[in-house]
Amino acid sequence: MSERFILAIDQGTTSSRAILFDQAGTIRGVAQKEFPQYFPQDGWVLHDAMEIWESVQNVIAQVIVNQGIRVEQIAAIGITNQRETTVVWDRVTGEPVYFAIVWQSRQTADLCEELKAAGYSDVVRAKTGLLIDAYFSGTKVKWILDHVEGTRAKAEQGQLLFGTIDTWLLWKLSGEQVHITDYTNASRTLMFNIYDLQWDDDLLELLTVPRSMLPTVHSSSEIYAYTDPTLFFGAAIPISGIAGDQQAALFGQACFEPGMVKNTYGTGCFMLMNTGEQPVRSTHGLLTTIAWGISGKIEYALEGSIFVAGSAIQWLRDGLKMLTTAAESEAYAQRVDSTEGVYVVPAFVGLGTPYWDSEARGAVFGLTRGTQKEHFVRATVESIAYQTKDVLAVMEADSGISLKKLRVDGGAAANQFLMQFQSDLLGVPVERPLVLETTALGAAYLAGLAVGFWTDRMQISDNWMLDQTFLNTMDNEVRSRLYLGWQKAVFATRAFK
Ligand SMILES: Nc1ncnc2c1ncn2[C@@H]1O[C@H](COP(=O)(O)OP(=O)(O)O)[C@@H](O)[C@H]1O
Ligand SMILES: O=P(O)(O)OC[C@H](O)CO
C-alpha cells in the first residue's frame, strides 16, 4: 500500500500554508501563499475571509499536485489558525458580512476602555482567563453587529454565524455543513468560560452577542467532518484536528509536561508554558488559556503575547524598503557589533504582555548622525528578543518556575543572529528543532491521533529532533546594561501619547 500522510493547514496572519507530514513527523511537501493585509485606519488590521479561503484552497491543491500524491494517501487533515481573528457570515449565502477583523486590530480599543471603566475586568478574567483587550474576538463581534448595517437584526433572527478562522475554514471545507470550533480557539474569544467549558451567558449579554451565532465547542482531536468531495479531487477526507496556532505549536514542540515552554516567532511572538490540568492565574498580565482538550481532559497554559515581532521585519522590508527579504535582516544585524545605543520599540498596535497598553505606538531612540541602516535593522531584530525577555520575566514570576531552556519555532526563528541574541539576553539555552513548522506539525499530530496515524504522545516526543542549541555568551553586566536601555525606551514610548 502506498505511503500515507497527514495534511496540516496552517492559516497564519500573513500567509496560508498546506504541509504534508509523514509518520516520522517529517515535512514531505509545502505550499504557501501570502494574502493581502488591509490597514484602513490607524491601528486597524483587516483580512478578507474569502481571500483567506481562496488561499487555503490554492495551497491544498498545490501541495497535492506538486508532490504527485493521490488524495486517498491523505489520512486526515488538521487545521491550525491565527487566533481571535473574527469572521461573521450569512449561514444561507455563506458570504462574510464584513472583513475579518484581525487579532492585531485595535478598532475596538475604545469599547474595551468603556468595559474596563465600568468595572468588568475582574469578572472577565475570572471566567475567561483573559484581560479586556481589543485583541480578543468578543468585542470584534460586537463591533460588526454595531457598525455593519442590518447585521444585528439578522444575527438576532439566527441568520448570521460567528467563527474564528478554524471555524470558517471547517465550514467551507465541509461544504458549509459544520459550525464547530475547538476548546483552544474558544478560549480566545472573551465569551467562553475556561473553567466550566461553556459559552458564558453573562459575557454574551455584556457583549450583546446572540448565542445562536456561536459554534459548538469540541475537543482538539476528533473527526469533526469530512471534506466536501466537490472541492478536492473528489475526496471526502476526515478533518480531525483543530487548535489555535500557538497551542498547536506547544503540542508540535512536544511540550507535554507542566513547566515546558515554547516561544513562536511569527508575525507576533507568543510564549506558552504548559501548566497541566491546573489553570494558573497570572498577576502580571499573562493569559490563562486552554492548551488543548483531548479525550475529555483539558490541559491549560500560561501565555505571554507580543503583538509585533516578525511583522516588524516586514515593516523594514515593505514599509521602509530597507530590506528586500526578511531573511536579509540577519546579515545586516551581523554587520555591526551593536546598535550603538539605538532601540526600536515596535508598538505599532500597542503593547501586549506585560503592559497591555492599547494606545502606545512605535518609537525609535538613540539616533545619532552615525546611525546606519545596519544599526536600525539590528535594533529592530533585537526588539523581538527584548520583548521576549519582558514576557519571560513575568512568566517566571507567575509560575514560580525558573526557565532552564527555551524551545523556539516560527518563521523568524530561522534568524541565527536573533536566536543567539535571545539566548544571550535571557541567559538560558535556546533550542531550535529540526522542524521549524511546529505549528502545522502540532495540528497534524492532533489530526493523526484521532485517526490512529499516531498512537500516543510518547511517539510524538520521540519524533522531536534538535537542529541547534544557542548558548549564552554575554556578560551579566552587558546584559543588564542593554536591558536597562530597553526598559527606558519602553517607558518613554508609553509616556508619548
Ligand atoms: N530570517 C528571518 N529573520 C527575521 N524575520 C523573519 C525571517 N524569516 C521570516 N521572518 C518573519 O517571520 C514572519 C513569518 O513567520 P511565520 O511563522 O510564517 O508567521 P505567521 O504564521 O504569523 O504568518 C514574518 O513576519 C517575517 O517577517
Ligand atoms: O499568525 P501568527 O503565527 O503570528 O499567530 C497569531 C496568533 O495566533 C494571534 O493570537
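Residues numbered from 1 in each chain as written. Chains lettered and ligands numbered in written order. Predicted model: local features only at pLDDT ≥ 70, side-chain atom pairs only at ≥ 80, totals over all residues. Heavy atoms only, no water.

Trainee: Can you break down the overall build of the protein residue by residue, with the values?
Mentor: For the protein, the count of helices and strands is 16 helices and 23 strands. Relative to the compact-globule value of 23 Å for 497 residues, the protein shows a C-alpha radius of gyration of 22 Å, a close match. Counting only C-alpha atoms and orienting by the principal axes, one finds that the protein spans roughly 60 × 60 × 45 Å. Evaluated residue by residue, the protein yields a buried proportion of 62% over its 497 residues. Long-range pairs, those at least 24 residues apart, make up 72% of the contacts in the protein between residues at least 6 apart in sequence. (Helix = DSSP H or I, 4+ residues; strand = E, 2+ residues; numbered from the N terminus. Rg over C-alpha atoms; globule rule 2.2 N^0.38 Å. Buried < 20%, exposed > 50% of the residue type's maximum accessible area, 1.4 Å probe, protein only. Contact = heavy atoms within 4.5 Å.)

Trainee: Break down the site of ligand 1 for me, with residues and values.
Mentor: Inspection of the region around ligand 1 gives 17 residues, with Thr 14, Arg 17, Thr 267, Gly 310 and Gly 411 positioned closest. For ligand 1, an oxygen atom lies 3.4 Å from a polar atom in the backbone of Ser 311. Between a nitrogen atom of ligand 1 and a side-chain N or O atom of Ser 329, the distance comes to 3.5 Å. Coverage of ligand 1 by the protein amounts to 86% of the 570 Å² it exposes when considered alone. Of all elements in the fold, only β2 (15–21) and α10 (310–319) reach the threshold of two or more residues within the shell around ligand 1. (Near = heavy atom within 4 Å. Polar contact = N/O pair within 3.5 Å; in protein donor to acceptor, adjacent residues only side chain to side chain. Areas by Shrake-Rupley, 256 points an atom, 1.4 Å probe, with all protein chains shown as cover.)

Trainee: Kindly report on the environment of Thr 439, identifying the contributing residues and their values.
Mentor: Inspection of the secondary structure assignment puts Thr 439 in helix α14 (residues 438–450). Residue class for Thr 439 comes out buried when judged on its relative accessible area of 10%. Along the sequence, Thr 439 and Asp 245 sit 194 residues apart, while their C-alpha atoms lie 5.6 Å from each other. With near-sequence residues (within four places) excluded, Thr 439 lies in contact with Asp 10, Thr 80, Asp 245, Ala 248, Ala 249 and Thr 264.

Trainee: Please give an account of the sheet that holds strand β13 (residues 221–226) that cites residues and values.
Mentor: The six strands are arranged β3-β2-β1-β5-β14-β13 in an open sheet whose pairing can be described as mixed. Whereas interior strands pair on both sides, the edge strands pair on one side only; in this sheet they are β3 (27–34) and β13. Recorded for the sheet is a direction-independent mean angle of 25° between the axes of neighbouring strands. One ladder, built from seven bridges, connects strand β1 (residues 5–11) with strand β5 (residues 74–81); its direction is parallel. Counted as the bridge partner of Leu 7 is Ile 77 from β5. Against the sheet, helix α9 (residues 245–252) contacts β5 and β14 (238–244), and its axis sits at roughly 100° relative to β14. (Pairing = 2+ DSSP bridges. Axes fitted to C-alpha atoms, helices over the stretch in contact; angles between N-to-C directions.)

Trainee: How would you summarise the site of ligand 2 if you had to cite specific residues and measurements?
Mentor: For ligand 2, the full set of nearby residues is Gly 12, Thr 13, Gln 82, Arg 83, Glu 84, Trp 103, Tyr 135, Asp 245, Gln 246, Thr 267, Gly 268 and Phe 270. A distance of 2.8 Å separates an oxygen atom of ligand 2 from a polar side-chain atom of Tyr 135. In the environment of ligand 2, an oxygen atom lies 3.2 Å from a nitrogen or oxygen atom belonging to the backbone of Gly 268. Taken together, the residues of the shell around ligand 2 sort by class into three nonpolar, six polar and three charged. No fewer than three residues from each of domain 1 (5–236) and domain 2 (254–496) sit in the shell around ligand 2. (Nonpolar A, V, L, I, M, F, W, Y, C, P; charged D, E, K, R; others polar. Domains from an automatic or database assignment.)

Trainee: Could you give an account of the pattern of salt bridges, naming the residues involved and the relevant values?
Mentor: By the definition in use, this model includes 30 salt bridges. Of the charged contacts in the structure, one is a salt bridge between Asp 245 and Arg 83, with a shortest N-O distance of 3.7 Å. Separated by 162 residues along the polypeptide, Asp 245 in helix α9 and Arg 83 in the loop between β5 and β6 (87–90) bring together distant segments of the chain. Summarising the burial analysis for this pair, Asp 245 and Arg 83 share the class buried. For the salt bridge of Glu 84 with Arg 188, the shortest nitrogen-to-oxygen distance reads 2.8 Å. A residue pair is termed long-range when its members are at least 10 positions apart, and Glu 84 in the loop between β5 and β6 and Arg 188 in the loop between α7 (183–186) and β10 (192–193) qualify at 104 residues. For the pair Glu 84 and Arg 188, a shared accessibility class is recorded, and that class is buried. Each of the salt bridges in this network shares a partner with another, and the network as a whole consists of Arg 83, Glu 84, Arg 188, Asp 245 and Glu 303. (Salt bridge = Lys/Arg side-chain N within 4 Å of Asp/Glu carboxyl O.)

Trainee: Could you give me a rundown of the domain arrangement of the protein, with the residues and numbers involved?
Mentor: As far as domains go, the protein holds domain 1 (5–236) and domain 2 (254–496). Along the contact surface separating domain 1 from domain 2 lie four salt bridges. One can count 18 residue pairs in polar contact (both at pLDDT 80 or more) joining domain 1 with domain 2.

Trainee: For the sheet that holds strand β21 (residues 406–409), give the residues involved together with the corresponding values.
Mentor: Spatially, seven strands are ordered β17-β18-β16-β15-β21-β22-β23 in an open sheet, and the strand pairing comes out mixed. Every other strand in the sheet has two partners, leaving β17 (287–294) and β23 (466–470) as the edge strands with one partner each. Adjacent strand axes in the sheet meet at a mean angle of 30°, parallel and antiparallel pairs treated alike. Sheet topology note: the strand β15 (residues 261–265)/β21 ladder contains three bridges and is parallel. Among the inter-strand pairings, Lys 262 is bridged to a residue of β21, identified as Arg 407.

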